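Architecture at a glance
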Amino acid sequence: MTESPFKKIRLTGLLLLLLLAFLLDLSTGTVNISLKEILRVFLSPTAADPTWQFIVKSIRLPKACTAVLAGCGLSVGGLQMQTLFRNPLADPSILGVTAGASLGVAAVMLAGGSMASLYAIKDLGLSGSWLIIGAACLGAGGIMLLVLIVARRLRDNVMMLIVGIMIGSMTLALISIWQYFSNPEEVKDYLLWTFGSLGGVTGGQLSILAIVVGIGLVVALFSTKMLDALLLGENYAQSMGLSARKARTVIICSTSLLAGSITAFCGPIGFIGIAVPHIARFLFNTASHRILIPACCLIGTILLLLCDTFAQLPGSQTVLPINIITSIVGSPLVIVLLLRQTTAHPW
Amino acid sequence: MTRYAILFPLLLLSCGRSDKKPASPGATLTSSAPARTQLKYAKGFTIDYFDRYKEVKILNHSAGSTDTLDYLLLPAGAAIPEGHAHAQVIRIPVQSMIVMGSPHVAQADFAGVANRITGVGDGQYIICPLVREGLRTGRVRQVGLEGSLNNELVISMRPGVLMTMTNPDAAFGGYTTLIDAGIPVLPNADWLETTPLGKAEWVKLMGALTDREDLVNRKFDSVEQAYQRLAAIGKASAVKPSVIIGLPFKGSWYMPAGGSYMAQLLQDAGASYHWSDTKGTGSLALSFETVAPVALKADIWLDIGDVDSKAAILARDARYEAFRAFRSGAVYSYNRRVNDAGASDYWESGAVNPQWVLADLIRILHPNSLPADTLIYYKQIK
């Protein structure tokens, strides 16, 4: 099957839109900086005002790059889960990996009852944001291992889905216990973390996030055939010589890397993972993952960049947490698209 | 550990000193005519004196509400006067109390009655050696955090009063069981005050509860005079260094609003504070980007919380290296006197000794305006 030129045109159009959204995100913020100034920051750094340079290069650019990574990762993770479980409500957090990351963060932030242990960790030289990220990665990795062990024993993907949800809610219950016994300030810190943020990832952290998300995306691209086959049913996939268990393991690994790393660095960002695959299927009217994966990357990125732009409208000095915006902006969009949809979905 | 070893005698001094003095004025006060207390700064409560009792009202001034919580302070055994059916009754002088907040410990210490504290919310935040000693020997119990108090333990301890940190607006949701059991619950919301002297003046409530008005008034007057003298020096300073406060978290930077306690303190210390004209008494939630133009050029960076070294600041976010105050080393936080759990005395004795906090800030902002001395609560972050 050759891809129609029409789809290539759409992909190119989305790419242009992405560039525009990126520029828009760079040029909006609580501080007013003209487009000319922003260009000067990049083109002739010596002539630019050092304050504008700091804001654009150290605050806005890392944030926009994080939005690109998170937008790609979460949408592709969501697409993989929806296909694996053949369920339109699946998203990257459905396996409990996000909850695992939250558990790791809660363990660090809500360590009120055992301040001494926290000091012990700090003595290891791990502190600040790295401590939180490390804890989140450990939590997400632990849950991912658990899910993989279970996945090897289960034959049915639907059962796998239920087990994932069970593990997730168990993890959240553990966090709730922790919250119940913690100080209000600590709970507030944790609550702020759960609102999600694209703004805290800079420098070395951004590079690490880029590498992990990159690996997750490459694995996803290599799994397109498996995903396409899975859409036709597990029996059909097996008749094509595909081991369902192997496919499941590969897909779970990819999604866990994507969702786990993004949650570790940005906090849980909802909605993108569940909504973007639907938008991609609607725009491209295809079930082929060779098209859907790049499409999800582009749409997810555009959506998250726009949400970040909305989160910091000029005129106000405050930024709203990204999680609020993704749902408020995204939900109506999906509803409109679904209402206009005429063809049936492939699952 | 050496840090705490140095700190310890210093603390003994502050806590022990006030505890030795009092007995004599207290003894005369319990007789018929109580000493009067007048409030000059605090806005959150009133004390009225009547023939045989005192009346305390905790005011509820948030959200424009005019409700008050009424308390009758009655000598032990005295009958409740008529027309006060809705008021909670506290028998004075209070002989035992459970306190939920660090400032309450400091207030009791100020009034020389820290030995009457029989329970605290969470022991690990306590600095006062007398209370810590009590926790060790079991004389002082931990009753749990606000919102999840061990009601049975509190009731069995029969304290003369339970002091909470709750906002008077939301006061009694979780305490009805205790009030029904006859334990007076008093929101000691000094943290709602918007001036350092107003916050410190809550010691007078402690004075009224323990019939120690004379001692407390005298000590507060000297605090007030010291504060005013220092504020005159701070305000008169020709150079006003610019300051930023706090560390952002996840892209949001909480700056004290113009009407807040901290903004007042900065003004009295002779600092130039970018958000001093903003409305509100709480914090402003600002984006990193909004603060950045100010932060890049600010002379001094204050109150970064429990972060204890410049390396730890960078571990939070490497971008802070671009701040002028970071590069020049003018970063200060209130971590000089901390206990082994990392709790700072700034939140405890600092609440009733605003003159020491102000002196620290003036020494930081205007190094030559006061005689050279070590800082009390603040230290330079290196």
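Analysis parameters
- Residues numbered from 1 in each chain as written.
- Chains lettered and ligands numbered in written order.
- Predicted model: local features only at pLDDT ≥ 70, side-chain atom pairs only at ≥ 80, totals over all residues.
- Heavy atoms only, no water.
- Helix = DSSP H or I, 4+ residues; strand = E, 2+ residues; numbered from the N terminus.
- Rg over C-alpha atoms; globule rule 2.2 N^0.38 Å.
- Buried < 20%, exposed > 50% of the residue type's maximum accessible area, 1.4 Å probe, protein only.
- Contact = heavy atoms within 4.5 Å.
- Areas by Shrake-Rupley, 256 points an atom, 1.4 Å probe, with all protein chains shown as cover.
- Lys, Arg positive; Asp, Glu negative; His and termini not counted.
- Charge placed at Lys NZ, Arg CZ, Asp CG, Glu CD.
- Salt bridge = Lys/Arg side-chain N within 4 Å of Asp/Glu carboxyl O.
- Polar contact = N/O pair within 3.5 Å; in protein donor to acceptor, adjacent residues only side chain to side chain.
- Nonpolar A, V, L, I, M, F, W, Y, C, P; charged D, E, K, R; others polar.
- Axes fitted to C-alpha atoms, helices over the stretch in contact; angles between N-to-C directions.
- Parallel < 35°, antiparallel > 145°, perpendicular 65-115°, else oblique.
- pLDDT = per-residue confidence, 0-100.
- Disulfide = S-S within 2.5 Å.
- Pairing = 2+ DSSP bridges.
- Phe/Tyr/Trp six-rings, centres within 6.5 Å; stacked < 30°, edge-to-face > 60°.
- Lys NZ or Arg CZ within 6 Å of the ring centre and 35° of its normal.
- Core = buried A, V, L, I, M, F, W, Y, C linked by side-chain atoms within 4.5 Å.

A closer look at the overall build of chain A
Across its full length, chain A holds 15 helices and zero strands. For 347 residues, the compact-globule estimate of 2.2 N^0.38 gives 20 Å, and chain A sits close to it at 21 Å. Across its three principal directions, the C-alpha atoms of chain A cover 65 × 55 × 35 Å. Each of the 347 residues in chain A was classed as buried or not, and the buried ones make up 52%. Nonlocal contacts in chain A, meaning residues at least 24 apart in sequence, comprise 79% of its contacts between residues at least 6 apart. For chain A, the accessible area works out to roughly 15500 Å², and carbon and sulfur atoms hold 71% of it. Charge-centre separation for chain A: the mean point of 21 positive side chains lies 12 Å from the mean point of 13 negative side chains.

A word on the overall build of chain B
Summing up its helical and strand segments, chain B has 15 helices and 16 strands in all. Classification of the 382 residues of chain B by burial places 57% in the buried group. For chain B, long-range pairs separated by at least 24 residues make up 62% of all intrachain contacts whose partners lie at least 6 apart in sequence.

Quick word on the interface of chain B and chain A
With 29 residues of chain B at the contact, the number on the chain A side is 37 residues. Joining chain B to chain A, the criterion identifies one salt bridge. A salt bridge links Arg60 of chain A to Glu289 of chain B; its shortest N-O distance comes to 2.3 Å. Joining chain B to chain A, the criterion identifies four residue pairs in polar contact (both at pLDDT 80 or more). Contributing elements (two or more residues each) for the side of chain B that touches chain A: β13 (283-287), α11 (288-297) and α12 (310-316) of chain B. When its residues are assigned to classes, the side of chain B that touches chain A shows 16 nonpolar, six polar and seven charged.

Points about the pattern of salt bridges
All names here are of chain B. Within this structure, the stated rule accounts for 17 salt bridges over all chains. With a shortest N-O distance of 2.7 Å, Glu213 and Lys54 are connected by a salt bridge. Of this pair, Glu213 sits in helix α9 (residues 213-236) while Lys54 sits in strand β2 (residues 54-59), and the two are 159 residues apart along the sequence. The partner of Asp299 in a salt bridge is Arg324, with the nearest N and O atoms 3.3 Å apart. On the criterion of sequence distance, the pair formed by Asp299 in the loop between α11 and β14 (300-302) and Arg324 in helix α13 (residues 324-328) is long-range, its members being 25 residues apart. Given the relative accessible area of 31%, Asp299 is considered partly exposed. Among the charged side chains, a network of salt bridges with common partners joins Lys54, Asp211 and Glu213.

What about the packing of helix α2 (residues 35-43) of chain A against helix α3 (residues 50-84) of chain A?
All names here are of chain A. At a minimum axis distance of 9 Å, the contact between α2 and α3 shows a crossing angle of 85°. Taken together, the axes of α2 and α3 are roughly perpendicular relative to one another. Of the residues in α3, those touching α2 at Glu37, Ile38, Val41 and Phe42 are Trp52, Gln53, Val56, Lys57, Arg60 and Leu61. Broken down by class, the residue content of the contact of α2 with α3 amounts to six nonpolar, one polar and three charged.

A short note on the confidence of the model for chain B
Residue and element names in this part refer to chain B. For chain B, per-residue confidence averages 85 on the pLDDT scale, and 88% of positions sit at 70 or higher. Taken as a whole, residues 1-32 scores under 50 in pLDDT and shows 48 contacts with residues more than four places along the chain or in a different chain. Quick note on the complex model: pTM equals 0.78, ipTM equals 0.72.

Quick word on the state of the cysteines
Residues and elements named next belong to chain A. Counting across every chain of the model gives zero disulfides over all chains. Cys253 carries a free sulfur, and the closest cysteine sulfur to it, the one in Cys137, is 15 Å from it. Sulfur of Cys297: no disulfide; nearest cysteine sulfur belongs to Cys72 and is 3.8 Å away.

Some details on the sheet that holds β2 of chain B
Consider a sheet: its strands pair through backbone hydrogen bonds, and that pairing is either parallel or antiparallel. Residue and element names in this part refer to chain B. If you trace the four strands from one edge of the open sheet to the other, you get β1-β2-β3-β4, paired in mixed fashion. Looking along the sheet, the strands with just one partner apiece sit at the ends: β1 (45-49) and β4 (88-92). Each strand of the sheet is rotated relative to its neighbour by a mean of 25°, with strand direction disregarded.

A look at the side chain of Ser287 of chain B
Checked against the element boundaries, Ser287 of chain B lands in strand β13. For Ser287 of chain B, a relative accessible area of 3% puts it in the buried group. Of note is the side chain of Ser287 of chain B, whose polar atom sits 2.7 Å from the side chain of Thr290 of chain B. Beyond its immediate sequence surroundings of up to four residues, Ser287 of chain B is in contact with Thr30, Gln317, Thr318 and Val319 of chain A together with Gly251 of chain B.

Re unusual backbone geometry
Following Ile92 of chain B, the chain continues to Pro93 of chain B via a peptide bond in cis, the omega torsion being -10°. Checked against the element boundaries, Pro93 of chain B lands in the loop between β4 and β5 (97-99). With a phi angle near 75°, Phe271 of chain A is a residue other than glycine that sits in the positive phi range. Structurally, the position occupied by Phe271 of chain A is in the loop between α12 (244-266) and α13 (272-284). Even without a glycine there, the phi angle at Asp303 of chain B is positive, about 55°.

Regarding the packing of aromatic side chains
All names here are of chain B. All chains considered together, the criterion is met by 21 aromatic pairs over all chains. Sitting over the face of the ring of Tyr261, Lys199 holds its NZ or CZ atom 5.6 Å from the ring centroid. Note that Lys310 overlies the ring of Phe326, its terminal NZ or CZ placed 4.7 Å from the centroid.

Notes on the sheet that holds strand β8 (residues 161-164) of chain B
Residue and element names in this part refer to chain B. Pairing is parallel in the open sheet, where five strands are placed in the order β7-β6-β5-β8-β9. Each edge of the sheet is formed by a strand with only one pairing partner; in this case those strands are β7 (141-142) and β9 (185-187). Pairing of β5 with β8 involves three bridges; the strand directions are parallel. Bridging across to β8, Met97 finds its partner in Val161. Packed on one face of the sheet, helix α3 (residues 102-110) meets β5, β6 (117-120) and β8 and runs near 140° to β5.

Focus on the nonpolar core
Judged by nonpolar contacts, the single largest core of 108 residues is most densely connected at Met97, Trp301, Leu302, Phe323 and Tyr378 of chain B. By residue number, the principal contributor to this core is helix α15 (residues 354-365) of chain B, which donates seven residues. Those residues in contact with Leu302 of chain B, other than ones at most four positions away along the chain, are Val243, Ile244, Ile245, Gly246, Leu266, Tyr332, Leu361, Ile364 and Tyr378 of chain B. Counting residues in each nonpolar core, the second largest holds 87 residues, with Trp193, Leu230, Ala311 and Leu337 of chain A among its members.

Here we look at the pairing of β2 of chain B
Residues and elements named next belong to chain B. Bridge count between β1 and β2: five bridges; the pairing is antiparallel. In the sheet register, Tyr49 faces β2, and the bridge partner there is Lys54. Counting the residues that bridge the hairpin from β1 to β2 gives four residues.

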